[in-house]
Amino acid sequence: MAESTGERLVGGNSTAEVVRIGDAVHRTRGARSDFTADVLRHLEAVGYPHAPRYLGVDDLGRDVFSYLPGNTTDHPSQRAEGAYALAGTMLRRLHEATAGHPLAGDRECVVHGDAGPFNTICRDGLPVAFIDWTGCAPGSALDDLGYLAWTWCVQSVGHVPIEDQAAHLRELRDGYGDVDAGALIGAMVEQQTRIAVAETANLHDPRLDPVRRAHARRAVDWAEADRALVQQHHELLLSALRDG
Ligand SMILES: Nc1ncnc2c1ncn2[C@@H]1O[C@H](COP(=O)(O)OP(=O)(O)O)[C@@H](O)[C@H]1O
Ligand SMILES: [Mg+2]
């Protein structure tokens, strides 16, 4: 594992270097690396199948994870029947696998923190694993679900009919479990606001490099546009979650 070269993996938004070498992904270590490693080891120990395995640190001091074949998705047309329910179930199992564990500290469970489709490996259009666990932390299951529901089901770009978005939301919620409709929509809006506020601060932070600030601009626009869509169609989304 001493090789420093490999296939640079793009598609992520962080400035950390992510490189594939054979069956492994090597990534620059950061402040959260030790906690992330502990979480991934715990998930392996309990047989949680929807995460890469933590394989240790390479000769260059980078974290090493198992490489999971497949692809990320950014549009419903790339997903198969049942994809949204599976994404919901995968997150639910993470919350169940960590609730009450010391890794959750005094919070409800360990949350992934960034379980969007851009951090989910799919095969044949169905999600198989969440990747990019650098944001995992003790937290609130509903917050994590709100972010999952937003990033998987709501999009103001891509010409997805709002009725389809509502149906995906229903499917994802049913895959996760019994969660109140109003609380879920509230959690989505909260997550959109959290990202908009955090990325607005990054946008104006002169210590950040231009690439990171350009990302912040796109993230603010993304979160605000998707929040406006949820607010505009609040009633439709509520009834999709409640009907039947
Ligand atoms: N364990 C993995 N298995 C397969 N692909 C991965 C894995 N980790 C990362 N990737 C690929 O590399 C890209 C960037 O990695 P990610 O961990 O999401 O970093 P970033 O912080 O840049 O978002 C991902 O979008 C995915 O395509
Ligand atoms: Mg990522």
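What counts and what doesn't
- Residues numbered from 1 in each chain as written.
- Chains lettered and ligands numbered in written order.
- Predicted model: local features only at pLDDT ≥ 70, side-chain atom pairs only at ≥ 80, totals over all residues.
- Helix = DSSP H or I, 4+ residues; strand = E, 2+ residues; numbered from the N terminus.
- Rg over C-alpha atoms; globule rule 2.2 N^0.38 Å.
- Buried ≥ 20, exposed ≤ 12 C-beta atoms within 10 Å, placed from the backbone.
- Contact = placed C-beta atoms within 7 Å.
- Core = buried A, V, L, I, M, F, W, Y, C linked by C-beta atoms within 7 Å.
- Domains from an automatic or database assignment.
- Nonpolar A, V, L, I, M, F, W, Y, C, P; charged D, E, K, R; others polar.
- Pairing = 2+ DSSP bridges.
- Axes fitted to C-alpha atoms, helices over the stretch in contact; angles between N-to-C directions.
- Left-handed = near helix turned anticlockwise from the far one by under 90°.

### Details of the overall build of the protein chain
Phase 1 of the analysis: If you tally the helices and strands in the protein chain, you get seven helices and nine strands.
Phase 2 of the analysis: Against the compact-globule benchmark of 18 Å for 244 residues, the protein chain has a radius of gyration of 18 Å, which places it among compact chains.
Phase 3 of the analysis: Overall size of the protein chain, expressed as C-alpha extent along the three principal axes, is 55 × 45 × 40 Å.
Phase 4 of the analysis: Taken across its 244 residues, the protein chain has 35% of its residues classed as buried.
Phase 5 of the analysis: For the protein chain, long-range pairs separated by at least 24 residues make up 70% of all intrachain contacts whose partners lie at least 6 apart in sequence.

### Remarks on the nonpolar core
Phase 1 of the analysis: By size, the foremost hydrophobic cluster in this structure holds 45 residues, and its most contacted members are A87, L148, A149 and L172.
Phase 2 of the analysis: Put simply, the parts of the chain that give this core at least two residues each are β3 (24-28), α1 (33-45), α2 (83-98), β6 (109-111), α3 (141-153), α4 (162-176), α5 (181-203) and α7 (234-242).
Phase 3 of the analysis: In this structure, this core is formed jointly by two domains, domain 1 (7-66) and domain 2 (76-242), each of which donates at least three residues.
Phase 4 of the analysis: Apart from the residues lying within four places of it in its own chain, the contact partners of L148 are A87, L91, A115 and L172.

### Points about the domain arrangement of the protein chain
Phase 1 of the analysis: What the domain assignment lists for the protein chain is domain 1 (7-66) and domain 2 (76-242).
Phase 2 of the analysis: With 17 residues of domain 1 in contact, the opposing surface of domain 2 contributes 19 residues.
Phase 3 of the analysis: The residue makeup of the side of domain 1 that touches domain 2, split by class, is seven nonpolar, eight polar and two charged.

### Section: the pairing of strand β2 (residues 18-21)
Phase 1 of the analysis: Bridge count for strand β1 (residues 7-8) against β2 is two bridges, and the pairing is antiparallel. Opposite E7, over in β2, you have R20 as the bridge partner.
Phase 2 of the analysis: Alignment of β2 against β3, held across four bridges, turns out to be antiparallel. Bridge pairing links V18 to R27 in β3.
Phase 3 of the analysis: Here β2 folds back onto β3 in antiparallel fashion, the turn holding two residues, of which G22 has a positive phi close to 65°.

### Things to note about the packing of α3 against α4
For any two helices packed against each other, the geometry comes down to the angle between their axes and how far apart the axes lie.
Phase 1 of the analysis: At a minimum axis distance of 9 Å, the contact between α3 and α4 shows a crossing angle of 145°. Every pair of crossing elements has a handedness; the one defined by α3 and α4 is right-handed. The residues of α4 that touch α3, namely those facing L145, L148, A149, W152 and C153, are Q165, H168, L169, L172, R173 and Y176.

### Let's talk about unusual backbone geometry
Backbone geometry follows two general trends: most residues other than glycine have a negative phi, and most peptide bonds adopt the trans configuration.
Phase 1 of the analysis: Here D124, not a glycine, exhibits a phi torsion of approximately 50°, which is positive.
Phase 2 of the analysis: Relative to the helices and strands, D124 is located in the loop between β7 (120-123) and β8 (126-130).
Phase 3 of the analysis: Exposure remark for D124: the 9 C-beta atoms within 10 Å place this residue in the exposed category.
Phase 4 of the analysis: Even without glycine at this site, H159 takes up a positive phi of about 55°.
Phase 5 of the analysis: Along the polypeptide, H159 turns up in the loop between α3 and α4.

### Overview of the sheet that holds strand β5 (residues 62-66)
Phase 1 of the analysis: Read from one edge to the other, the open sheet built from five strands follows the order β1-β2-β3-β5-β4, with strand pairing classed as antiparallel. With partners counted over all chains shown, the strands left at the sheet margins are β1 and β4 (54-57), one partner each.

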